[in-house]
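Residue-level listing of the chains:
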2 protein chains.
Amino acid sequence: MNEKRHKETFEKISDEKRGRILQAATKEFAEKGFSAANINVIAKNAGISIGSMYNYFASKEDLFLTVFDQGYKLLEKALVEVSVLEGDIFDKFESLIRVAQKSSRQYRELTQIYLDITSEGLTYLQQRLSRNFESITAKYYRDMINKAKNDGLVDPSIDEFVFSFCLDNLIVLLQFSYASEYFKERMKIFAGEDSIENDEKMVKGIMHFIRGALAPRK
Amino acid sequence: MNEKRHKETFEKISDEKRGRILQAATKEFAEKGFSAANINVIAKNAGISIGSMYNYFASKEDLFLTVFDQGYKLLEKALVEVSVLEGDIFDKFESLIRVAQKSSRQYRELTQIYLDITSEGLTYLQQRLSRNFESITAKYYRDMINKAKNDGLVDPSIDEFVFSFCLDNLIVLLQFSYASEYFKERMKIFAGEDSIENDEKMVKGIMHFIRGALAPRK
């Protein structure tokens, strides 16, 4: 289980007020990154005093981790939705790509926060993150690959560990490309100016790539 | 051409002093990220006064961009070295993977800085970056794919734009995995505990993935 991020007082306020604080925090952390984000600005934008803020959170770090946990739950929910879908490994990957396209726009700020936290300067914060999500995703990929091997759908000599890493790399950088200005520009440079709007082109191209990578070899 | 990042005075000091300043700056930016990095700490670690520092650079931002340009040149050099190698598209990708493994360790701090600058909070800085490197890489990939199509080595229906994006995603996240604590943990979760040390396993697995993705289809 995660350690506690907030003080008990934060559970006793109204849902509306809690939502207001988390929304203001999400916006500030996404826009400026953890290091440059200002907890005074967050309190002001949430319409509470800085004194109240410190009644709910011991530090900017605790507030940040609370926001991160929130995003984490949404990601987990999205993965569960895909995992229960019908279909073979290729149908599921196509769904994963579509979920990545949709969720990185819908939860743009949370994706930006995820990208920010990967930076080396925040190593001390990473130690307080749950990484369960990645273990669950990795196992989900491996199980899918192994099942597809048994069904004769993919090359039997595939290393399901390295392949899971490759597959997730394609999904993660796609997510970043819709949510971060830097990676958006990069995707346009590589995949073409229309790649940001033309979702079907990206689904088709990436699935073509993945189908070949997994397919039984000649 | 890039705009000027440093003042002319910086060109007039000794190579040794210039190297000392850039080294101290690289370390501080890599460890803490741009936002949290402190130009006073950099001056102190380089053994110069903060007054001298501002004689060479107008701002922390200019110093950062000077460091970035330096790393950029090293990346360009590495790519040029691969591009002149003999061999087909698969030989070249294998070389690219090995270069990624080597250079992200050798230039660990520069790779950390590259990761840091992709974060959304630094969008205003990104506008001052040269993105030529990505255009050159993208074109290099596309040309390789098109040549391989003509030679009958790869599937003729490949979209060389989306495929270049996919291929570069595999290389970029591999680089991050050797240089950033966050992505190192992630690679271990997906590709196995030994993936960080077992370079040949990663080369073999990723090349297996790429060969399949590009190969003419059944």
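Above: the structure in question.
In this text the structure is predicted, and so the values were computed from the model without any measurement.

Draft legend 1. Representation of the packing of helix H11 (residues 181-191) of chain A against helix H9 (residues 132-150) of chain B within the structure. It is at 9 Å that the axes of H11 of chain A and H9 of chain B come closest, and there the two elements cross at 35°. Where H11 of chain A crosses over H9 of chain B, the two elements pack in a sense that is right-handed. Two secondary-structure elements touch here, H11 of chain A through Tyr182, Arg186, Ile189 and Phe190 of chain A and H9 of chain B through Glu134, Ser135, Thr137, Ala138, Tyr141 and Arg142 of chain B. Taken together, the residues of the contact of H11 of chain A with H9 of chain B break down into five nonpolar, two polar and three charged.

Draft legend 2. Focus on helix H6 (residues 89-106) of chain A. Residues and elements named next belong to chain A. The first and last C-alpha atoms of H6 sit 25 Å apart over 18 residues, in line with the 26 Å expected at 1.5 Å per residue. Of the residues making up H6, those classed as buried are Ile89, Phe90, Lys92, Phe93, Ser95, Leu96, Ile97, Ala100, Gln101, Ser103 and Ser104. Each element contacted by the buried residues of H6 is listed here: helix H5 (60-83), helix H7 (108-117), helix H9 (132-150), helix H10 (160-179) and helix H12 (199-214). Two or three places before Phe90, at the opening of H6, Asp88 has a side-chain oxygen 2.9 Å from that residue's backbone nitrogen.

Draft legend 3. Geometry of the relation of the copies chain B and chain A. It takes a turn of 180° to lay chain B on chain A, together with a shift of 0.0 Å along the axis; the resulting RMSD is 0.0 Å. This pairing of chains is accounted for by a two-fold axis. Residue Ala213 of chain B of chain B places its C-alpha closer to the rotation axis than any other residue of that unit, at 2.0 Å. Same-surface contact between copies: 100% of interface residues of chain B are shared with the interface of chain A.

Draft legend 4. Geometry of the packing of aromatic side chains. The final tally for this structure, using the stated rule, is 31 aromatic pairs over all chains. With a centroid separation of 5.8 Å and 85° between ring planes, the pair formed by Tyr114 of chain A and Tyr182 of chain B is classed as edge-to-face. Residue Tyr114 of chain A is found in helix H7, and its partner Tyr182 of chain B is found in helix H11 (residues 181-191); the two belong to separate chains. Residue class for Tyr114 of chain A comes out buried when judged on its relative accessible area of 17%. In this structure an aromatic cluster arises from ring pairing among Tyr114, Phe176, Tyr182 and Phe183 of chain A together with Tyr114, Phe176, Tyr182 and Phe183 of chain B. For the cation-ring pair, Lys60 of chain A lies above Phe34 of chain A, with the distance from its terminal atom to the ring centre recorded as 4.7 Å. Arg186 of chain B extends its terminal NZ or CZ atom over the ring of Phe190 of chain B, reaching a point 5.2 Å from the ring centre.

Draft legend 5. Structural view of the interface of chain B and chain A. Taken together, the 69 residues of chain B in the interface contact 69 residues of chain A. Carbon and sulfur atoms supply 68% of the area that chain B and chain A bury against each other, a total of about 5600 Å² over both sides. Applying the counting rule to chain B against chain A returns two salt bridges. Where Asp168 of chain B meets Arg186 of chain A, a salt bridge forms, and the shortest distance between an N and an O atom there is 2.9 Å. When residues of the side of chain B that touches chain A are traced back to their parent elements, those giving at least two are helix H2 (15-36), helix H7 (108-117), helix H8 (123-126), H9, helix H10 (160-179), H11 and helix H12 (199-214) of chain B. Ranked by residue count, the leading element in the side of chain B that touches chain A is H10 of chain B, at 16 residues. For the side of chain B that touches chain A, the class distribution of residues is 32 nonpolar, 19 polar and 18 charged.

Draft legend 6. Just empty space enclosed by the protein, in detail. Overall, the coordinates contain two cavities of 30 Å³ or more when judged by the stated rule. Estimated volume of the largest cavity: approximately 570 Å³. Lining the largest cavity are 31 residues, with Leu75, Tyr114, Phe133, Val172 and Gln175 of chain A positioned closest to its centre. Among the secondary structure elements, those contributing two or more residues to the lining of the largest cavity are H5, H6, H7, H9 and H10 of chain A together with H11 of chain B. No other element matches H5 of chain A, which puts seven residues into the lining of the largest cavity. Split by residue class, the lining of the largest cavity holds 20 nonpolar, seven polar and four charged. Reported here for the second largest cavity is a volume of approximately 120 Å³. Taken together, 18 residues make up the lining of the second largest cavity; nearest its centre are Ser35 and Asp116 of chain A together with Ser35, Asp116 and Ser119 of chain B.

Draft legend 7. Main features of the state of the cysteines. Applying the stated criterion to the full structure yields zero disulfides over all chains. Its sulfur unpaired, Cys166 of chain A is 11 Å from the next cysteine sulfur, which belongs to Cys166 of chain B. What makes Cys166 of chain B buried here is its relative accessible area of 1%.

What counts as what
Residues numbered from 1 in each chain as written. Chains lettered and ligands numbered in written order. Predicted model: local features only at pLDDT ≥ 70, side-chain atom pairs only at ≥ 80, totals over all residues. Heavy atoms only, no water. Axes fitted to C-alpha atoms, helices over the stretch in contact; angles between N-to-C directions. Helix = DSSP H or I, 4+ residues; strand = E, 2+ residues; numbered from the N terminus. Left-handed = near helix turned anticlockwise from the far one by under 90°. Contact = heavy atoms within 4.5 Å. Nonpolar A, V, L, I, M, F, W, Y, C, P; charged D, E, K, R; others polar. Expected span 1.5 Å × (residues − 1). Buried < 20%, exposed > 50% of the residue type's maximum accessible area, 1.4 Å probe, protein only. Polar contact = N/O pair within 3.5 Å; in protein donor to acceptor, adjacent residues only side chain to side chain. Least-squares fit on C-alpha atoms with pLDDT ≥ 70 in both. Phe/Tyr/Trp six-rings, centres within 6.5 Å; stacked < 30°, edge-to-face > 60°. Lys NZ or Arg CZ within 6 Å of the ring centre and 35° of its normal. Buried area = accessible area lost by both parts, 1.4 Å probe. Salt bridge = Lys/Arg side-chain N within 4 Å of Asp/Glu carboxyl O. 1 Å grid on protein atoms, 1.4 Å probe; cavity = no way out; pocket = protein on both sides within 12 Å on 5 of 7 lines; lining within 4 Å. Points joined across faces, edges and corners; volume = space filled by probe spheres on them. Disulfide = S-S within 2.5 Å.

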